[in-house]
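# Descriptive structure summary
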Amino acid sequence: MILVTGGAGFIGSNFVLDWLAAADEPVINLDALTYAGNLENLASLQGNPRHVFVHGDIGDFALVAGLLAQHQPRAIVNFAAESHVDRSIHGPEDFVQTNIVGTFRLLEAVRAYWSGLDAADKAAFRFLHVSTDEVYGSLGKDDPPFSETNPYEPNSPYSASKAASDHLVRAYHHTYGIPVLTTNCSNNYGPYHFPEKLIPLVIHNALAGKPLPIYGDGQQVRDWLYVKDHCSAIRRVLEGGRPGETYNIGGWNEKPNLDVVHTLCTILDQLSPRVDGQPYREQITYVTDRPGHDRRYAIDAGKIERELGWKPAETFETGIRKTVQWYLDNQAWVSNVTSGAYREWVGKQYGEQK
Ligand code: NAD
Ligand code: DAU
């Protein structure tokens, strides 16, 4: 079996659902259920004996050590993290605690477990750390996309904490020999994406008749990947990746934010037109920019394609349409996750904007 951490969040829950749909191998899913973790994402697995959910923190050494001893996983996929850049600007502490200290303690529990395995199980074991392209910093307009050899230049407390965790993972390979793999992926979108991030926030606000907030001039560029393509890339790296290596994952889909928001508005105009017949674009509102906002991310996904034969299945056009349709079909999910604490966050982040 495998141990997945953070498997009740956006990417983790998509990964667990896809894994169990594709293979018989059971999953132990360890998640602290922060504001971003939601068991409703996994509702279709209720009663499935191949999915064991454990409510807990990756930083709880005793808990993780006990899980490893009990279940003897052949691999760990570490999604657990604080993941939202804007929240890291308001409050970096949680990011340091989970992304750095939590990953360190998880690695310590893994080191103790892995050291006790016999030679064959040691060689077959994998620790796959899910990281981000944000660790490479910001690109200029004409710079080549990030490759695995780009230096780390993180600019936000979020990306700095992820960079620190990547360094720890690397060090546990070089120092102790643990067979680790690190993936650095670009911006994901798709089902179960929490509506604090650009794409689900815009869909949610558009349908609710609220402003669609564009930070600064809206010309910042992100490289978008449909979440299920990220999940298939992780499965491929887990299967065939070389221990100690890092793999960049991206969709070759660089888009300025304003173009993404225009695309969302156009699709919504077609699938769920406003009752007054006006276009959703009318709701676009320019707001104060994110401090230290990275201008451009772009991923060179050549290594994973050459070495492991992975390519995304979705284009941005097909993936974004599926995503909008998913949100239209799952309004109950959206209502549940946007109550209570979510409103406090929106007040804090957007209420302060001019
Ligand atoms: P998310 O915020 O939606 O989910 C994070 C999950 O981790 C939640 O279920 C949360 O409850 C859990 N968690 C948080 N702290 C924990 C702790 N201490 N112990 C156990 N569980 C904890 O994040 P996501 O967007 O699904 O991202 C998953 C991973 O992928 C993160 O490591 C992130 O850095 C990375 N990543 C995300 C993107 C993206 O576009 N969303 C892109 C590249 C990489
Ligand atoms: O690149 C990978 C990263 O992508 C992941 O590591 C992060 O976990 C994930 O959150 C994401 O980070 P971003 O900061 O790029 O994503 P976000 O959806 O927050 O913002 C996307 C772009 O849209 C960014 O340039 C900021 C802008 N934006 C965002 C919000 C929430 C707006 O203009 N308005 C908004 O209201």
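The following refers to the structure shown.

### Observations concerning the sheet that holds strand S11 (residues 254-256)
Spatial strand order, S7-S9-S11: three strands in an open sheet with mixed pairing. On the outer flanks of this sheet lie strand S7 (187-189) and S11, each paired with one strand and no other. Across the sheet, the mean angle separating the axes of adjacent strands is 50° when strand polarity is ignored. Relative to strand S9 (residues 221-226), helix H8 (residues 227-240) is tilted by about 70°, and along the sheet it contacts S7 and S9.

### Remarks on the environment of leucine 198
As for its placement among the helices and strands, leucine 198 is situated in helix H7 (residues 198-207). When its relative accessible area of 23% is taken as the criterion, leucine 198 is described as partly exposed. As for leucine 198 and glutamine 70, which are separated by 128 residues in sequence, their C-alpha atoms are 40 Å apart. With residues near it in sequence (within four places) discarded, leucine 198 still touches Pro213, Trp224, Asn257, Val260 and Val261.

### Some words on the sheet that holds strand S1 (residues 2-5)
Taken in spatial order, the seven strands make up an open sheet running S3-S2-S1-S4-S5-S6-S10, and their pairing is parallel. Only two strands of the sheet have a single partner each, and these edge strands are strand S3 (51-55) and strand S10 (246-249). For this sheet, the mean inter-axis angle between neighbouring strands, taken without regard to orientation, is 20°. As defined by bridge partners, strand S6 (residues 180-185) adjoins S10 across four bridges and the pair is classed as parallel. Along S10, the bridge assignment pairs threonine 182 with threonine 246. Across the face of the sheet, helix H2 (residues 61-71) comes into contact with S1, strand S2 (27-31), S3 and strand S4 (75-78) while running at roughly 175° to S2. H8 rests against S4, strand S5 (126-132), S6 and S10 of the sheet, and its axis sits at about 145° to S5.

### Some thoughts on the packing of aromatic side chains
A full pass over the atoms with the stated rule returns 19 aromatic pairs. Aromatic side chains tyrosine 136 and tyrosine 152 sit 5.6 Å apart centroid to centroid with 90° between the ring planes, which places their arrangement in the edge-to-face category. Taken as a pair, tyrosine 136 in the loop between S5 and helix H6 (157-176) and tyrosine 152 in the loop between S5 and H6 lie far apart in primary sequence, 16 residues in all. Judged by relative accessible area, which is 26%, tyrosine 152 ranks as partly exposed. Taking 4.9 Å as the distance between ring centres and 65° as the angle between the ring planes, the aromatic pair formed by tyrosine 192 and tryptophan 326 counts as edge-to-face. Of this pair, tyrosine 192 sits in the loop between S7 and H7 while tryptophan 326 sits in helix H11 (residues 316-329), placing them 134 residues apart in sequence. Taking the relative accessible area as the measure of exposure, tryptophan 326 reaches 14% and is therefore buried. In textbook terms, an aromatic cluster arises when at least three aromatic residues are bridged by ring pairs, as seen for Tyr136, Phe146, Tyr152 and Tyr297. The aromatic ring of tryptophan 114 is capped on one face by lysine 122, whose charged end is 5.0 Å from the ring centroid.

What counts, and at which threshold
- Residues numbered from 1 in each chain as written.
- Chains lettered and ligands numbered in written order.
- Predicted model: local features only at pLDDT ≥ 70, side-chain atom pairs only at ≥ 80, totals over all residues.
- Heavy atoms only, no water.
- Pairing = 2+ DSSP bridges.
- Helix = DSSP H or I, 4+ residues; strand = E, 2+ residues; numbered from the N terminus.
- Axes fitted to C-alpha atoms, helices over the stretch in contact; angles between N-to-C directions.
- Contact = heavy atoms within 4.5 Å.
- Buried < 20%, exposed > 50% of the residue type's maximum accessible area, 1.4 Å probe, protein only.
- Phe/Tyr/Trp six-rings, centres within 6.5 Å; stacked < 30°, edge-to-face > 60°.
- Lys NZ or Arg CZ within 6 Å of the ring centre and 35° of its normal.

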